[in-house]
Amino acid sequence: MTEQLKWIAGALLAGCCIGIAATTYLTLGGLPGQVMFAFGLMTVVMFGFALFTGRSGFTTGRAILTLLPMLALNIAGCALVAYVTGNDALTAASEAIVAKRLAAGWLRCGILAIGCGFIMTAAVYGKKVKDTWLPLIFGVPTFIICGFPHCVADVYYYALYLASNPMSGELAGCYLASVAGNYIGCNLYRLHSSPSPAPQPGKQAS
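**A closer look at the overall build of the protein**
Along the protein, the regular secondary structure elements total eight helices and zero strands. Each helix and strand of the protein, ordered N terminal to C terminal, gives the series α-α-α-α-α-α-α-α. The C-alpha atoms of the protein give a radius of gyration of 16 Å, which matches the 17 Å a tight globule of 206 residues would have. Taking the principal axes of the C-alpha coordinates as reference, the protein spans close to 40 × 40 × 35 Å. Taken over 206 residues, the protein has a buried fraction of 49%. Counting contacts in the protein only where the partners sit at least 6 residues apart, residues at least 24 apart contribute 82% of the total. Summed over its atoms, the accessible surface of the protein is roughly 9700 Å², and 70% of this surface lies on carbon and sulfur atoms.

**Examining the nonpolar core**
Most often, soluble globular proteins keep nonpolar side chains buried together rather than apart. If you look at the biggest cluster of nonpolar residues, it comprises 56 residues, and the most contacted ones within it are Phe37, Leu41, Val140, Phe143, Tyr156 and Tyr157. Looking at this core, the elements with two or more residues in it are α1 (3-28), α2 (30-47), α4 (67-85), α5 (88-128), α6 (134-145), α7 (153-162) and α8 (169-186). Apart from the residues within four sequence positions on either side, Phe37 is in contact with Ile18, Ala21, Ala22, Tyr25, Val140, Phe143, Ile144, Ala153 and Tyr157.

**Focus: the side chain of Thr121**
Residue placement: Thr121 occurs in helix α5. Overall, Thr121 belongs to the buried group, its relative accessible area being 4%. Sequence-distant contacts of Thr121, that is, excluding residues within four places in its chain, are made with Thr53, Gly57, Phe58, Cys186 and Tyr189.

Rules used throughout
- Residues numbered from 1 in each chain as written.
- Predicted model: local features only at pLDDT ≥ 70, side-chain atom pairs only at ≥ 80, totals over all residues.
- Heavy atoms only, no water.
- Helix = DSSP H or I, 4+ residues; strand = E, 2+ residues; numbered from the N terminus.
- Rg over C-alpha atoms; globule rule 2.2 N^0.38 Å.
- Buried < 20%, exposed > 50% of the residue type's maximum accessible area, 1.4 Å probe, protein only.
- Contact = heavy atoms within 4.5 Å.
- Areas by Shrake-Rupley, 256 points an atom, 1.4 Å probe, with all protein chains shown as cover.
- Core = buried A, V, L, I, M, F, W, Y, C linked by side-chain atoms within 4.5 Å.

These figures come from the coordinates and say nothing about function on their own.
This is how it looks when you write it as structure tokens:
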């Protein structure tokens, strides 16, 4: 398999991992679900899959052009898991989350998403540079408890919501603002520290 195909597969699998994490979170609910969500990101980091919120803080130069295709593949993988696992209970839970996004509005969603992006970069940096899982283990429940949108996980909730509700400009605005907020948050640490070497397609970095 070529490096490009490996990268494509890795981006799709990253989306699937987050979809599995979202399924677990909604099924269990509460703190147990929030903690178990971390398994999805741990798998992404362990195998070096290409996840938008894991790579955005470490990608520079022309490699930035790979982020949007990466996100598109993440979306496809996560939406596939939503399609396979969706049921009435998960749909109801997803609709509650989407309702909160819509109530917050696109600007607030974008601002809140900055917090998630910061946590995700700290989680990946912690394992990649400091060889510790602690920022990830504590960070994932933290961003969920705080209500910080994760642009890949939100695909799961939006996919189930859209199965019985129409798409709206407001919903699209909330999602796009979350993507932008995640990206900004992923790169906040650059104000203080130099970035680690940027992972390239096919390389083992998350």
